[in-house]
Amino acid sequence: MTLEALIFDVDGTLADTERDGHRIAFNRAFAGAGLDWHWDVGLYGKLLAVTGGKERMRHYVARYRPDYQKPADFDALVTRLHAAKTRHYTALLGRGGIPLRPGVRRLLDEARRRGLRLAIATTTTPDNVTALLHHAIAPEAESWFEVIGAGDVVAAKKPAPDIYYYVLERMGLTPSQAVAFEDSENGLRSARGAGLKTVITVNDYTRTHDFGGATVVLDHLGEPGGPFRLLSGAAVTGAGVLDIDLLARLVPGP
Ligand code: XBP
Ligand code: MG
């Protein structure tokens, strides 16, 4: 069976959106609501263990703010804060602040040229995905992806495999026909749970995660003149650029 599809995580994989994107947007939403909550870079790294913005806010209150008196309508407050955070985040992307990671655009372009199918499997809110694709790739880039599985479309977020099952089912694919791209341990567990081979590109928040079970762990996908560094996994030789030929060698079909 040949490789037919590439399925991408978004945050941390397509772009480094967490520290200077989502984190800033959460803090703006908190300030806008008159809350004294502030997530610095270190704390946010710990909070990333919980996927999903609404889930992350609830976790913060439970774990770090025992002093906080929850209002009776706490659920509604979380919903309002999350909507405000999404507005701040998409506005931030609209100002062109967050570029794609090295090699992402190159690999997407090659995959499209060679007729591979593309999809997204993410925990983040659909509007955030649209804004990133629009501003970091091209206004029409959403149409490059056959399925965009995002946010609350499944009940259980990563590390549950549900979002990958959702995408595979809609594409009519078995796991052996696709490969997942992830940056985090939660993402890897989700993709592997659905039976997908997984390429990891790490970032500052995730380089110490446990990536056992990944096909290969790289610092990034590599560009001509800016090769990736192999961190663990399959032996890779060559130019330090993850292209479709190298990918097909790394994830041969059954
Ligand atoms: C990353 C996440 C998300 C974002 C916040 O998911 O954990 O929760 O930090 O997004 P992935 P929302 O790497 O799978 O894209 O606030 O929209 O939930
Ligand atoms: Mg991620």
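Coordinates for the structure precede this section.
To keep things clear, this report deals only with the structure shown in the data block. In this text the structure is predicted, and so the values were computed from the model without any measurement. (Residues numbered from 1 in each chain as written. Chains lettered and ligands numbered in written order. Predicted model: local features only at pLDDT ≥ 70, side-chain atom pairs only at ≥ 80, totals over all residues. Heavy atoms only, no water.)

### A look at the overall build of the chain
Stated formally: Numbered from the N terminus, helices here are DSSP runs of H or I no shorter than four residues, and strands are runs of E no shorter than two. In this description the radius of gyration comes from C-alpha coordinates, and the expected globular size is given by 2.2 Å times residues to the power 0.38. Only protein chains enter the accessibility calculation, which uses a 1.4 Å probe; a residue is then buried when its area is under 20% of its type maximum, exposed when over 50%, and partly exposed in between. The criterion used for residue contact is that any of the two residues' heavy atoms lie within 4.5 Å. Only four residue types enter the charge count: Lys and Arg as positive, Asp and Glu as negative, with His and the chain ends excluded. Think of each charge as sitting on NZ of Lys, CZ of Arg, CG of Asp or CD of Glu.
Counting its regular elements, the chain contains nine helices and seven strands. Scaling as 2.2 N^0.38, a compact globule of 254 residues should have a C-alpha radius of gyration of about 18 Å, and the chain matches this with 18 Å. Its C-alpha atoms give the chain principal-axis dimensions of about 55 × 35 × 30 Å. Sorting the 254 residues of the chain into buried and exposed places 53% on the buried side. Put simply, of all contacts in the chain between residues at least 6 apart along the chain, 62% involve residues at least 24 apart. For the chain, the distance from the average site of its 30 positive side-chain charges to the average site of its 30 negative ones is 2 Å.

### Concerning the nonpolar core
Applicable threshold: We call a set of buried residues a nonpolar core when its members are Ala, Val, Leu, Ile, Met, Phe, Trp, Tyr or Cys and they connect through side-chain atoms within 4.5 Å of each other.
Of all hydrophobic cores here, the largest spans 42 residues; its most connected members are L6, F8, L14, F181, L242 and L247. Those elements that provide at least two residues to this core are strand 1 (5-8), helix 4 (74-94), helix 5 (104-113), strand 2 (117-121), helix 6 (126-137), strand 4 (178-182), strand 6 (216-218) and helix 9 (244-250). Here this core gets five residues from one element, more than from any other, and that element is helix 6. By size, the runner-up hydrophobic cluster in this structure holds 18 residues, among which are I7, V147, L168 and A194.

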